[in-house]
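Structural overview for review
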Amino acid sequence: MTIPEQLAGMFRSSIRLDIAGPAEERLGASRFGGAPDVPDGFEWPAYTGIVYNETEARERPLAFLAQIDCAEAAAFDAEGLLPKTGLLSFFYEMETQRWGFDPKDAGCARVYWFEDPAALRRTGLPEQLPEWACFPSLKIAMARVPCLPDAEDFRLVHEMPYEDWDAFYQARAALGVDAESDGEEEEVAVSKLLGWPDVIQGPIPPECELVSRGLYLGNTWSAVASEEEIEEARRTSVEGWRLLFQLDTVEDGDFELMFGDSGRIYFYIRLEDLKARRFDRAWLVLQCY
């Protein structure tokens, strides 16, 4: 099969999130930042970690990133992967900004599904949360966008030598969907639910799979895993792990949230856990330039 034919069989549906302007403040509305809507008994998540200018690890509250009204998102979820009711809420610990290549990063990010919208209430932010990690409440507008993989994810499924990358991006651009960069260095900021990620430093599913096995990937992968184990993770993880939420740089007026150097964070989850609504098993990866 040719590259265009292979690509044509790899469409996924994503929900593009445009984040800007004052948020709708009703309970359970989709929005970025502000204070989350949670049920009674909710315990604010925390992560014990250390930053470069400190000598000891300490417990730090996670920052509230965004909440998604599942009933609203259902109208854009072509594959029906997300819950059709309730609220999905995303949190990340901003002081340590863990990258996700270390099993010890578990807990640096959390995803909650609050199934009953009627049980929600507005809560305050923890006093220990730094002011710069208390984000303004911004509107999230959704749109259904078909998308295709980047070259890195494509190569998890189909063999492609590096000399064919130009042909790959030409084929991707010809299909005319979700090709923000078409292989060029400059990319626009895009946040989304589901679909294929916009990767910066390489494919994410094999990393999630190997880290979930307790392997530290901060150095050369071959130092901790055999060639066969790495290849098996690459082959099986592209379907086994799915993008749940990609959050890019957020800008609105004087406010800017950036991860690393023009980076993105990606919440990934095993497809079986997504279908079983085990959002507590999601894993976060940070990539930047």
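Up top is the structure.
Moving on, we get to the overall build of the chain. Helix and strand counts for the chain stand at seven helices and 16 strands. Relative to a compact globule of 289 residues, whose C-alpha radius of gyration would be 19 Å, the chain shows 19 Å and is just as compact. The principal-axis extents of the C-alpha atoms in the chain amount to approximately 55 × 45 × 40 Å. When burial is assessed residue by residue, the chain has 52% of its 289 residues classed as buried. Long-range pairs, those at least 24 residues apart, make up 75% of the contacts in the chain with a sequence separation of at least 6. Here the chain displays about 13400 Å² of accessible surface, and carbon together with sulfur accounts for 47% of that area. Charge-centre separation for the chain: the mean point of 27 positive side chains lies 6 Å from the mean point of 54 negative side chains.

Pairing is antiparallel across the open sheet formed by 10 strands, whose spatial order is 8-7-6-2-10-1-11-12-15-16. Whereas interior strands pair on both sides, the edge strands pair on one side only; in this sheet they are strand 8 (109-114) and strand 16 (283-287). Across the sheet, helix 6 (residues 227-240) lies against strand 1 (12-22), strand 12 (241-247) and strand 15 (264-270), angled at about 65 degrees from strand 12, the strand it touches most.

This brings us to the packing of helix 5 (residues 205-212) against helix 6. In the contact formed by helix 5 and helix 6, the axes pass within 8 Å of each other and the chain directions differ by 120 degrees. By the angle between their axes, helix 5 is oblique relative to helix 6. By crossing handedness, the relation of helix 5 to helix 6 is classed as right-handed. Each of P205, P206, E209 and L210 in helix 5 lies in contact with helix 6, whose residues at this interface are E229, I230, A233, R234, S237 and V238.

Let us now look at the packing of aromatic side chains. Throughout the structure, instances matching the rule amount to 20 aromatic pairs. Summarising the aromatic geometry, the rings of F42 and F114 are spaced 5.8 Å apart at their centres and angled 90 degrees between planes, so their arrangement reads as edge-to-face. Of this pair, F42 sits in the loop between strand 3 (37-39) and strand 4 (46-49) while F114 sits in strand 8, placing them 72 residues apart in sequence. You can call F114 buried: its relative accessible area is 8%. The residue whose ring lies beneath R12 is W196, and the NZ or CZ to ring-centre distance is 3.7 Å.

Rules and cut-offs
Throughout this description, residue numbers start from 1 for each chain and increase along the sequence as written. In view of the model being predicted, local features appear only for residues whose pLDDT reaches at least 70, and side-chain atom pairs are presented and counted only at 80 or more, with totals across whole chains, interfaces and linings using the full set of residues. Here the side-chain values reflect all heavy atoms present in the structure, with hydrogen atoms and water set aside. Every helix listed is a DSSP run of H or I at least four residues long, and every strand listed is a run of E at least two residues long, numbered separately from the N terminus. All radius of gyration figures rest on C-alpha atoms, and the globule criterion is 2.2 Å times the number of residues raised to 0.38. Exposed residues in this analysis have more than 50% of their type's maximum accessible area, buried residues have under 20%, and partly exposed residues fall in between, with area computed by a 1.4 Å probe over protein chains only. Contacts: residue pairs with any heavy atoms within 4.5 Å of one another. Using a 1.4 Å probe, the Shrake-Rupley method yields the accessible areas, and only the shown protein chains count as cover for residues. Only four residue types enter the tally: Lys and Arg on the positive side, Asp and Glu on the negative side; His and the chain ends are excluded. Taken as the charge location is NZ of Lys, CZ of Arg, CG of Asp or CD of Glu. Only strands joined by at least two bridges in the DSSP assignment are considered to pair. In this analysis an axis means a line fitted to C-alpha atoms, helices contributing only their contacting stretch, and an angle means the value between N-to-C directions, from 0 to 180 degrees. An angle below 35 degrees is treated as roughly parallel, one above 145 as roughly antiparallel, one from 65 to 115 as roughly perpendicular, and anything else as oblique. Left-handed describes a crossing whose near helix is turned anticlockwise from the far helix by less than a right angle; the clockwise case is right-handed. Note on aromatic contacts: the rings of Phe and Tyr and the six-membered ring of Trp form a pair at centre separations within 6.5 Å, being stacked when their planes are under 30 degrees apart, edge-to-face when over 60 apart, and tilted otherwise. For a ring to carry a charge above it, either NZ of a lysine or CZ of an arginine must fall within 6 Å of the ring centroid while also lying within 35 degrees of the normal to the ring plane.

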